[in-house]
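Each chain, written out:
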Amino acid sequence: MKIAALDLKKQIAPIRRELDAAIKEVIDNTSFILGAGVDKFERQVVAYSGAKYAIGVSNGTDAISLALLALGIKAGDGVICPAFTYYATAGAIAAIGARPVFADIGRDTYNISLENVEKILSRKNKLKIKAIIPVHLYGMCADMDGILKLARKYKIKVVEDTAQAFGAEYKGKKAGTLGDCGTVSFYPGKNIGAFGDAGLILTNNKGMAEKLKILRNQGNKNKYYHLVLGRNNRMDSIQAVVLDIKLKYLDEWNKGRQEVAQYYNRNLEGLNIKLPFVPSYTTHIYHQYTLRAFKSNKKIIDYLQEKGIDSRVFYPVPLHLQKCFKYLGYKTGDFPEAESAAKQAFTLPIYPELTGEEKDYIIQSLKEFK
Ligand SMILES: *Cc1c(COP(=O)(O)O)cnc(C)c1O
């Protein structure tokens, strides 16, 4: 049996007519960038998330860079982020000339370690740390109360990288609405994906929202009068109308993922692998269902791939050991939990459309693994 890591065809098929009609309307109206479609989607996101403002942008990476710029982060400033996340979290920091300062993760949550963050912040160093970017990795929130407390103590800003967790909740509030800004990615493979690149920034601060709208659009409020050095980071109308339709189904889809996760949890208990751990402060929307082999993930991934099951490792190389960040001066051993997660974590396919037969095949295959 062949089971893909994700099957977007199955997600799109039932809503295809709705999507086609909305895209056709954009083409008929020839309004392709920002405009009414993006305005409407932003309003829907405000209603959905409870954030006061939503600013549609070009992608999740630019969303992070823009949020940092709007918060006044400048070239040379230090910004803390986990050593174990997708490249873009740190790439977006470096893209504005700021310096990624890595922190280790917690062994059970895969999210940033408060102890390690406090250790970094309390050092009298020259890193000029001005902000922290917790990542809600795999679809589960980081310990936001702890992070916000540290941020107040050390007077730094908080940008929540919510690329993988849009729709997850921290103590009843939507991920991305707790820090100064929350950034979302609508990369096609995310739980809610566009038909191309798109992203969004959430904030409760009016001044911040106004700055972000100017920054995303070449630094102008009125065309050809440029107030600040902005960027071309606007959202396309076609992406906005697609996302507006998909947003209606997001909770249902996330619930479907949770049901698959519960089924896996029930049936994989007792095997020689560590199941996902979900702290009581957060819900988990299972962007990834991540298991952990006690030694190495290599054999088990190869085995699952041979069985036709598209298992992956997110992420095989922690950021402090990536070639592109060599200039930061980190070395092997600096973040043991990030390094160990990279060696041991592996995923199973997870999406609401997985059939009972597919799930049971995956479970049976894992049970037969030696
Ligand atoms: C996907 C992702 C991003 C980047 O989003 P893009 O829309 O692909 O630019 C940033 N951070 C994390 C954790 C992601 O998973």
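Asks: Mind showing me how you'd approach the site of the ligand here?
Replies: Taken together, 14 residues lie near the ligand, and Gly60, Thr61, Asp161, Ser185 and Lys190 sit nearest. Between the ligand and Gln164 there is a distance of 2.8 Å, counted from an oxygen atom to a side-chain nitrogen or oxygen. Lys190 has a polar side-chain atom sitting 3.2 Å from an oxygen atom of the ligand. Isolated, the ligand exposes 380 Å² of accessible area, and the fraction of that covered by the protein chains is 94%. In this structure, the ligand is accommodated by the largest pocket.

Asks: I would appreciate a short explanation of the domain arrangement of the protein chain in the present structure.
Replies: Accessible area lost during the coming together of the parts is what is often quoted as the interface size. Along its sequence, the protein chain is carved into domain 1 (8–103 + 111–247) and domain 2 (250–368). Computed over C-alpha atoms only, the centres of domain 1 and domain 2 are separated by 24 Å. In this assembly, 40 residues from domain 1 lie in contact with 34 residues from domain 2. With both chains or domains summed, domain 1 and domain 2 bury close to 3,200 Å², and 63% of this area falls on carbon and sulfur atoms. At the boundary of domain 1 and domain 2, one finds one salt bridge. Secondary structure elements with two or more residues in the side of domain 1 that touches domain 2: α1 (8–12), α5 (87–95), β3 (99–103), β6 (169–170) and α9 (237–268). Among the elements that make up the side of domain 1 that touches domain 2, the one with the highest residue count is β3 (five residues). Its residues assigned to classes, the side of domain 1 that touches domain 2 comprises 24 nonpolar, nine polar and seven charged.

Asks: Would you mind going over the layout of surface pockets with me for this structure?
Replies: Rolling a probe over the atoms, with the probe sized like a water molecule, indicates the empty space that remains. Quantified by volume, the largest pocket comes out at close to 710 Å³. Lining the largest pocket are 36 residues, with Tyr187, Gly189, Lys190, His287 and Tyr315 positioned closest to its centre. Secondary structure elements with two or more residues in the lining of the largest pocket: α4 (60–70), α5, β8 (181–185) and β14 (345–348). A class-by-class count of the residues in the lining of the largest pocket yields 18 nonpolar, twelve polar and six charged.

Asks: Looking at this structure, how should I read the sheet that holds strand β4 (residues 129–132)?
Replies: Spatially, the seven strands line up as an open sheet ordered β1-β9-β8-β5-β4-β2-β3, and their pairing is mixed. Of all strands in the sheet, those bounded by a partner on one side alone are β1 (53–57) and β3. Going from strand to strand, the sheet's axes swing by 30° on average, the running direction of each strand aside. Pairing geometry for β4 and strand β5 (residues 157–161), over two bridges, is parallel. For Ala131, the partnering residue across the bridge sits in β5 and is Lys157. Together, β1 and β9 (199–203) form the strand contacts of helix α3 (residues 35–49), whose direction differs from that of β1 by roughly 135°. Packed onto the sheet, helix α8 (residues 206–216) meets β1, β8 and β9 and runs at close to 15° relative to β1.

Asks: How do you make sense of the packing of aromatic side chains when you look at a structure like this?
Replies: The description of an aromatic ring pair uses the distance of the two centres, along with the angle that the planes make with each other. If you walk through the whole model with that rule in mind, you get 17 aromatic pairs. With a centroid separation of 5.6 Å and 70° between ring planes, the pair formed by Phe41 and Phe186 is classed as edge-to-face. With a gap of 145 residues between them, Phe41 in helix α3 and Phe186 in the loop between β8 and β9 connect regions that are remote in the sequence. Across this residue pair, the class does not change: Phe41 and Phe186 are buried. When the ring of Tyr48 is compared with that of Phe166, the centres are 5.5 Å apart and the planes differ by 50°; the resulting orientation is tilted. With a gap of 118 residues between them, Tyr48 in helix α3 and Phe166 in the loop between β5 and β6 connect regions that are remote in the sequence. Relative accessible area serves as the criterion here: at 16%, Tyr48 is assigned to the buried category. A connected cluster of aromatic rings, assembled from ring pairs, spans Phe84, Tyr86, Tyr110, Tyr138, Phe314 and Tyr315. Its end group placed over the ring of Tyr48, Lys174 keeps NZ or CZ at 4.7 Å from the ring centre. Directly above the ring of Tyr263 sits Lys359, whose terminal nitrogen or CZ lies 5.2 Å from the centroid.

Asks: What is the right way to look at the nonpolar core in this model?
Replies: Note that soluble globular proteins tend to have their nonpolar side chains buried in a common cluster. Leu68, Phe84 and Phe102 are the most contacted members of the largest nonpolar core, which totals 44 residues. When contributions to this core are tallied by element, the ones reaching two or more residues are β1, α4, β2 (78–82), α5, α8 and α11 (336–344). Take this core: its biggest share by element is six residues, from α4. Residues lining this core come from more than one domain, with at least three contributed by each of domain 1 (8–103 + 111–247) and domain 2 (250–368). With near-sequence residues (within four places) excluded, Phe102 lies in contact with Cys81, Pro82, Ala83, Ala90, Ile120, Leu319, His320, Phe325, Leu328, Tyr330 and Phe335. Of all hydrophobic cores here, the second largest spans 25 residues; its members include Ile80, Ala142, Ile147 and Ala175.

Rules used throughout
Residues numbered from 1 in each chain as written. Predicted model: local features only at pLDDT ≥ 70, side-chain atom pairs only at ≥ 80, totals over all residues. Heavy atoms only, no water. Near = heavy atom within 4 Å. Polar contact = N/O pair within 3.5 Å; in protein donor to acceptor, adjacent residues only side chain to side chain. Areas by Shrake-Rupley, 256 points an atom, 1.4 Å probe, with all protein chains shown as cover. 1 Å grid on protein atoms, 1.4 Å probe; cavity = no way out; pocket = protein on both sides within 12 Å on 5 of 7 lines; lining within 4 Å. Sits in = over half its atoms within 2 Å of the grid points. Domains from an automatic or database assignment. Contact = heavy atoms within 4.5 Å. Buried area = accessible area lost by both parts, 1.4 Å probe. Salt bridge = Lys/Arg side-chain N within 4 Å of Asp/Glu carboxyl O. Helix = DSSP H or I, 4+ residues; strand = E, 2+ residues; numbered from the N terminus. Nonpolar A, V, L, I, M, F, W, Y, C, P; charged D, E, K, R; others polar. Points joined across faces, edges and corners; volume = space filled by probe spheres on them. Pairing = 2+ DSSP bridges. Axes fitted to C-alpha atoms, helices over the stretch in contact; angles between N-to-C directions. Phe/Tyr/Trp six-rings, centres within 6.5 Å; stacked < 30°, edge-to-face > 60°. Buried < 20%, exposed > 50% of the residue type's maximum accessible area, 1.4 Å probe, protein only. Lys NZ or Arg CZ within 6 Å of the ring centre and 35° of its normal. Core = buried A, V, L, I, M, F, W, Y, C linked by side-chain atoms within 4.5 Å.

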